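Chain by chain, the residues:
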Amino acid sequence: MLLGWSRAILLQLAHPLMAAAVAAHSSFRGGPAAAASRLRHTVGAMLDLTFGDEAAHARALAGIRVIHNRVNGRLATAVGVFPPGTPYSANDPDLLLWVHVTLLESVVLAHEAVISPIDPADLDAYCEESAPVAISLGARAEDVPRTWPALLARVASVEASGVLCVGADAQMLAHAVLAPPMSGAIWPIAWLNRPFTIGTLPREIRRQYGFDQSPGSAARLRRATRFVRGVRRVTPRVIAQWGRSRSERVAAPQA
């Protein structure tokens, strides 16, 4: 899942309003302490939303809403189809939906590359069970995909709409995503993350970011994927998965 996050973030930042919001209101450009704190809080919220009880789930949603309510502003310069002065908000239903669909698509892509393909029925269930979180955060219920084909169609429609354009904010933030301040301490992960993130982006988005698209980059992606797949196969479950996902309460069959 973590392997898919960077790809999802770069897709999200390809939307100029998203990139402007993150550049102005996020700690992406902070030091190692800020990067570690951001990752810890993000993972904690994800675990609460996925595996938490009703109270933990509600607290995570409330915390995200508090952050979103602070993120408002206007584009300083024109980017793509958006003129200067275009307002942005983290509560914009379209931006919320873009974050939702890119994250789900990227996590599945990483899972299938590293672990195994996912049954179509399970993919549909993944979309259905994830939909309430997006709706609770402000996405329009009628727009949130409930099946995997609908999710892929939504991603494709945004990519074809012309709203995506990698501007200066996205370029700056992409470096922070691919080479975070603490990457020196976790260089093996950073080394693997970069080719996977870049190599799995849509071709046009890679071009706009200016990433290498040579045959050598494709070979690096294949090597990195094979390496992660091999390591994952021999990694004990107690290390490979978060403890909360292994709990009996989560694992128990649903009546």
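Residues numbered from 1 in each chain as written. Predicted model: local features only at pLDDT ≥ 70, side-chain atom pairs only at ≥ 80, totals over all residues. Heavy atoms only, no water.

## Some details on the nonpolar core
At step 1: One finds Leu10, Leu13 and Tyr209 to be the most contacted residues of the largest nonpolar core, which totals 51 residues.
At step 2: For this core, the elements supplying multiple residues, two or more each, are helix H1 (2–13), helix H2 (16–25), helix H4 (54–70), helix H5 (93–114), helix H6 (120–137), helix H7 (148–161), helix H8 (168–178) and helix H10 (203–209).
At step 3: Once residues within four sequence positions are removed from consideration, Leu10 is found in contact with Ala174, Val177, Leu178, Thr197, Leu201, Tyr209 and Phe211.
At step 4: By size, the runner-up hydrophobic cluster in this structure holds 9 residues, among which are Leu3, Leu192, Ala224 and Val228. (Core = buried A, V, L, I, M, F, W, Y, C linked by side-chain atoms within 4.5 Å. Buried < 20%, exposed > 50% of the residue type's maximum accessible area, 1.4 Å probe, protein only. Helix = DSSP H or I, 4+ residues; strand = E, 2+ residues; numbered from the N terminus. Contact = heavy atoms within 4.5 Å.)

## So, the packing of H1 against H8
At step 1: Closest axis-to-axis distance for the H1/H8 pair is 10 Å, and the angle between their directions is 170 degrees. Between H1 and H8, the angle falls in the class roughly antiparallel. Mapping the contact onto sequence places Ser6, Ile9, Leu10 and Leu13 in H1 and Ala170, Leu173, Ala174, Val177 and Leu178 in H8.
At step 2: Residue composition of the contact of H1 with H8, by class: 8 nonpolar, 1 polar and no charged. (Axes fitted to C-alpha atoms, helices over the stretch in contact; angles between N-to-C directions. Parallel < 35°, antiparallel > 145°, perpendicular 65-115°, else oblique. Nonpolar A, V, L, I, M, F, W, Y, C, P; charged D, E, K, R; others polar.)

## Observations concerning the confidence of the model for the chain
At step 1: Taken residue by residue, the chain gives an average pLDDT of 87. The fraction at 70 or more is 88%.
At step 2: Counted against residues more than four places away or in other chains, residues 248–255, with its pLDDT under 50, gives 5 contacts. (pLDDT = per-residue confidence, 0-100.)

## Regarding H6
At step 1: Its 18 residues give H6 an end-to-end C-alpha distance of 26 Å, which sits within 8% of 26 Å, the value for a rise of 1.5 Å per residue.
At step 2: A bend of about 30 degrees at Ser130 is the largest found in H6, and the proline Pro132 appears one to four places after it.
At step 3: Turning to H6, its buried residues are Leu123, Cys127, Ser130, Ala131, Val133, Ala134 and Leu137.
At step 4: Of the residues one or two after H6, Gly138 is the one with positive phi, at around 125 degrees. (Expected span 1.5 Å × (residues − 1). Bend = angle between axes of the 7 residues up to and from the residue.)

## Side note on the packing of aromatic side chains
At step 1: The full count for this structure, using the stated rule, is 1 aromatic pair.
At step 2: Consider the rings of Tyr209 and Phe211, whose centres lie 5.2 Å apart with planes at 15 degrees: the pair is stacked. Of the two residues examined, Tyr209 and Phe211, each falls in the buried class. (Phe/Tyr/Trp six-rings, centres within 6.5 Å; stacked < 30°, edge-to-face > 60°.)

## Quick look at a nonpolar patch on the surface
At step 1: A cluster of nonpolar residues, Met1, Leu2, Leu39 and Trp242, forms a patch on the protein surface that exposes about 320 Å² of accessible area.
At step 2: In this structure, Trp242 sits in the loop between helix H12 (237–240) and helix H13 (248–251). (Patch = residues over 30% accessible without salt bridge, like charges linked within 9 Å, V, L, I, M, F, W, Y side chains within 5 Å. Areas by Shrake-Rupley, 256 points an atom, 1.4 Å probe, with all protein chains shown as cover. Salt bridge = Lys/Arg side-chain N within 4 Å of Asp/Glu carboxyl O.)

## Quick look at H7
At step 1: Spanning 14 residues, H7 covers 20 Å between terminal C-alpha atoms, matching the ideal 20 Å at 1.5 Å per step.
At step 2: Within H7, the full set of buried residues consists of Trp148, Leu151, Val155 and Val158. Buried positions in H7, seen along its axis, are confined to an arc of 95 degrees and lie on one side of it. Turned more than 90 degrees from where H7 packs its buried face, Pro149 and Ala160 sit exposed.
At step 3: On its buried side, H7 packs onto H5 and H6.
At step 4: The N-terminus of H7 is capped by Thr147, whose side-chain oxygen sits 3.2 Å from the backbone nitrogen of Ala150. (Arc of directions from axis to C-beta. Polar contact = N/O pair within 3.5 Å; in protein donor to acceptor, adjacent residues only side chain to side chain.)

## Describing the side chain of Gln12
At step 1: Within the secondary structure layout, Gln12 lies in helix H1.
At step 2: In this structure Gln12 comes out as buried when scored by relative accessible area, which is 11%.
At step 3: Other than its neighbours up to four places away in sequence, Gln12 contacts Met18, Trp98, Val99, Thr102 and Leu103.

## Some words on the environment of Pro87
At step 1: Relative to the helices and strands, Pro87 is located in strand E2 (residues 87–89).
At step 2: The spatial distance from the C-alpha of Pro87 to the C-alpha of Asn72 is 7.5 Å, given a sequence separation of 15 residues.
At step 3: For Pro87, the residues in contact, after removing those within four places along its chain, are Leu17, Gly73 and Arg74.

## A look at the packing of H5 against H6
At step 1: The geometry of H5 relative to H6 is characterised by a closest axis approach of 10 Å and an angle of 150 degrees between their N-to-C directions. If you check the angle between H5 and H6, you find them roughly antiparallel. Considering how the two elements wind past one another, H5 and H6 form a crossing that is right-handed. Side by side, H5 and H6 meet where Leu96, His100, Leu104, Val107, Val108 and Glu112 of the first sit next to Leu123, Tyr126, Cys127, Ser130, Ala131, Ala134 and Leu137 of the second.
At step 2: Here the contact of H5 with H6 is composed, by residue class, of 10 nonpolar, 2 polar and 1 charged. (Left-handed = near helix turned anticlockwise from the far one by under 90°.)

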